[in-house]
Amino acid sequence: MRKALNEQIGEFHNQVVTSSYQKVIYKEGRDIVEENEISYTDAVKNLEQARLAFRELNRKLRLASFETLTDFQDE
C-alpha cells in the first residue's frame, strides 16, 4: 500500500506540473489554446490529499511497529 501510494503521489505531482500552464500554438493570426485535462486547483487538491494519506499511513505503520511483538523460537 505504501509503495502504491508513493507512486500515486508522483503521478499527482506530474499532473500539478502539467496543469500549471497552458499550451498555446501560434498560427497566422489565430492562437490555439489547448486546455488541460484537469484544473490546477483540482490537481493540487488531489496531491495534498494523497500526501496526507501517505503521512497517516506512515504514522499507523510506525505505531504498529512499536505495538507488535514477535517471539522467536530458540534453536
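A.B. asks: What should I look at first to understand the nonpolar core in this one?
C.D. replies: Nonpolar side chains tend to gather and get buried jointly when the protein is soluble and globular. Ranked by size, the top nonpolar core spans nine residues in total: Leu 5, Ile 9, Phe 12, Val 16, Ala 43, Leu 47, Ala 50, Phe 54 and Leu 57. Broken down by secondary-structure element, the contributors of at least two residues to this core are helix H1 (2–19) and helix H2 (40–67). The dominant element in this core, judged by the number of residues it contributes, is H2, at five residues. Contact partners of Ala 50, with chain neighbours within four places excluded, come to Leu 5, Ile 9 and Phe 12.

A.B. asks: What should I look at first to understand the layout of surface pockets in this one?
C.D. replies: Vacant regions in the atomic arrangement are exposed by a probe of water-molecule size rolled over the atoms. Considered as a void within the structure, the largest pocket measures approximately 150 Å³ in volume. Tallied by class, the residues present in the lining of the largest pocket amount to one nonpolar, four polar and four charged.

A.B. asks: I'm lost on the environment of Leu 5 in this one. Help?
C.D. replies: With respect to the helices and strands, Leu 5 occurs in helix H1. On a C-alpha basis, the gap between Leu 5 and Ala 50 in space is 7.2 Å, while along the polypeptide they are 45 residues apart.

A.B. asks: Explanation requested: H2 in the structure shown.
C.D. replies: Side chains of residues three or four places apart in an α-helix project in the same direction, reflecting 3.6 residues per turn. For H2, with 28 residues, the first-to-last C-alpha span of 41 Å sits near the 40 Å given by 1.5 Å per residue. Taken together, the buried positions of H2 are Ala 43, Leu 47, Ala 50, Phe 54 and Leu 57. Contacts from the buried residues of H2 go to H1.

A.B. asks: I would appreciate a short explanation of the side chain of Ser 19 in the present structure.
C.D. replies: Along the polypeptide, Ser 19 turns up in helix H1. Not counting chain neighbours up to four residues away, the residues in contact with Ser 19 comprise Asn 36, Ile 38, Ser 39, Tyr 40 and Ala 43.

A.B. asks: What is the right way to look at H1 in this model?
C.D. replies: With 18 residues, H1 should reach 26 Å at 1.5 Å per residue; the first-to-last C-alpha distance of 26 Å fits that figure. Within H1, burial applies to Leu 5, Ile 9, Phe 12, Val 16 and Ser 19. All buried residues of H1 fall inside an arc of 95° around its axis, so they share one side. When the buried face of H1 is taken as reference, the exposed residues oriented beyond 90 degrees from it are Lys 3 and Glu 11. Of the surrounding elements, those touching the buried residues of H1 are H2.

Conventions we followed
- Residues numbered from 1 in each chain as written.
- Predicted model: local features only at pLDDT ≥ 70, side-chain atom pairs only at ≥ 80, totals over all residues.
- Heavy atoms only, no water.
- Core = buried A, V, L, I, M, F, W, Y, C linked by side-chain atoms within 4.5 Å.
- Buried < 20%, exposed > 50% of the residue type's maximum accessible area, 1.4 Å probe, protein only.
- Helix = DSSP H or I, 4+ residues; strand = E, 2+ residues; numbered from the N terminus.
- Contact = heavy atoms within 4.5 Å.
- 1 Å grid on protein atoms, 1.4 Å probe; cavity = no way out; pocket = protein on both sides within 12 Å on 5 of 7 lines; lining within 4 Å.
- Points joined across faces, edges and corners; volume = space filled by probe spheres on them.
- Nonpolar A, V, L, I, M, F, W, Y, C, P; charged D, E, K, R; others polar.
- Expected span 1.5 Å × (residues − 1).
- Arc of directions from axis to C-beta.

In short, shape yes, function no, at least from these values alone.
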